[in-house]
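Observations on the model geometry
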Amino acid sequence: MQLESPSNQETKIIVYKSARRLELWHGALCLGVYPVGLGRAPRKPKETEGDGRTPEGEYYVCTRNAQSRFYLSLGIAYPNVDDAEKAFKQGRIDAPVYEQICHAIKVRTRPPWHTPLGGAIMIHGGGSQTDWTQGCVAVEDEVMDILWSYAALGTLVLFCP
């Protein structure tokens, strides 16, 4: 199904982890609801590199990769300020890393992905039948075509429990 792509200022993606569902919205209009596969340990929010968890919270598309090994991918601005603040208070990251993450989020670029919190969280193709990723959100390739046409850099992405 080919959808016409409007301005991305009102576009958002909502992932409901427990329902294994992704919704694509433009303003008040839901453009589609799609099944997803998550990280291999999806019940809790992502906290550390390699934990197999999918994040929870408010993020945005910070990269787009047309050469992804999983068809296409939209990079998610994980960790966000909330993730960094929690990790800093727990002593899992130091002040310079915390400040780098906060600055990247403030200027709406890609936060550092090579920290103890992990990174490189994507929405990508490759199939939604099982929870098989390292923390990413996987959809069918046909769904990825639709998301790709709507989700510009800066598109809001909400990950709900």
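Residues numbered from 1 in each chain as written. Predicted model: local features only at pLDDT ≥ 70, side-chain atom pairs only at ≥ 80, totals over all residues. Heavy atoms only, no water.

Turning to the nonpolar core, a few remarks are in order. Among the nonpolar cores identified, the biggest contains 42 residues, and Ile13, Leu22, Leu74, Ile123 and Leu147 are the most heavily contacted of them. Considering each element in turn, this core owes the most residues, 6 residues, to helix α3 (residues 141-150). If sequence neighbours within four positions are ignored, Leu74 has contacts with Ile13, Val61, Thr63, Arg64, Ile121, Met122, Ile123, Met144, Leu147, Trp148 and Ala151. (Core = buried A, V, L, I, M, F, W, Y, C linked by side-chain atoms within 4.5 Å. Buried < 20%, exposed > 50% of the residue type's maximum accessible area, 1.4 Å probe, protein only. Helix = DSSP H or I, 4+ residues; strand = E, 2+ residues; numbered from the N terminus. Contact = heavy atoms within 4.5 Å.)

Now for the confidence of the model for the protein chain. Residues with a pLDDT of 70 or more make up 94% of the protein chain, whose mean pLDDT is 93. Low pLDDT, under 50, characterises residues 1-7; the stretch is placed with 10 contacts to residues that sit more than four places away or in other chains. (pLDDT = per-residue confidence, 0-100.)

A few words on the sheet that holds strand β6 (residues 122-124). If you walk across this open sheet you meet the 8 strands as β3-β2-β1-β8-β4-β5-β6-β7, and the pairing is mixed. Each end of this open sheet is capped by a strand with a single partner; those strands are β3 (29-35) and β7 (137-138). Pairing between strand β4 (residues 57-65) and strand β8 (residues 156-160): 4 bridges, direction antiparallel. Bridged to Tyr59 within β8 is Val157. (Pairing = 2+ DSSP bridges.)

Looking only at α3, the buried set comprises Val143, Met144, Ile146, Leu147, Trp148 and Tyr150. Packed against the buried residues of α3 are β1 (11-16), β2 (21-26), β3, β4, β5 (73-76) and β6.

Let us look at the packing of aromatic side chains. In total, this model carries 4 aromatic pairs according to the counting rule given. Measuring from centroid to centroid gives 6.1 Å for Tyr59 and Tyr78, while their planes differ by 50°, and the two rings are tilted. You can see Tyr59 sitting in strand β4 and its partner Tyr78 sitting in the loop between β5 and α1 (81-89), a full 19 residues away along the chain. The same class applies to Tyr59 as to Tyr78, namely buried. With centroids separated by 5.6 Å and ring planes inclined at 70°, the aromatic side chains of Tyr59 and Phe159 adopt a geometry described as edge-to-face. Here Tyr59, found in strand β4, pairs with Phe159, found in strand β8; they are 100 residues apart in sequence, far enough to count as distant. With relative accessibility at 2%, the residue Tyr59 sits in the buried group. Residue classification places Phe159 among the buried residues on the basis of a relative accessible area of 3%. (Phe/Tyr/Trp six-rings, centres within 6.5 Å; stacked < 30°, edge-to-face > 60°.)

Turning next to the side chain of Ser128. Among the structural elements, Ser128 can be located in the loop between β6 and β7. If sequence neighbours within four positions are ignored, Ser128 has contacts with Pro35, Val36, Gly37, Ala138, Val139 and Glu140.

Inspection of the entire model under this criterion finds 0 disulfides. Unpaired in terms of disulfides, Cys102 finds its nearest cysteine sulfur in Cys62, a separation of 15 Å. Since its relative accessible area comes to 19%, Cys102 is described here as buried. (Disulfide = S-S within 2.5 Å.)

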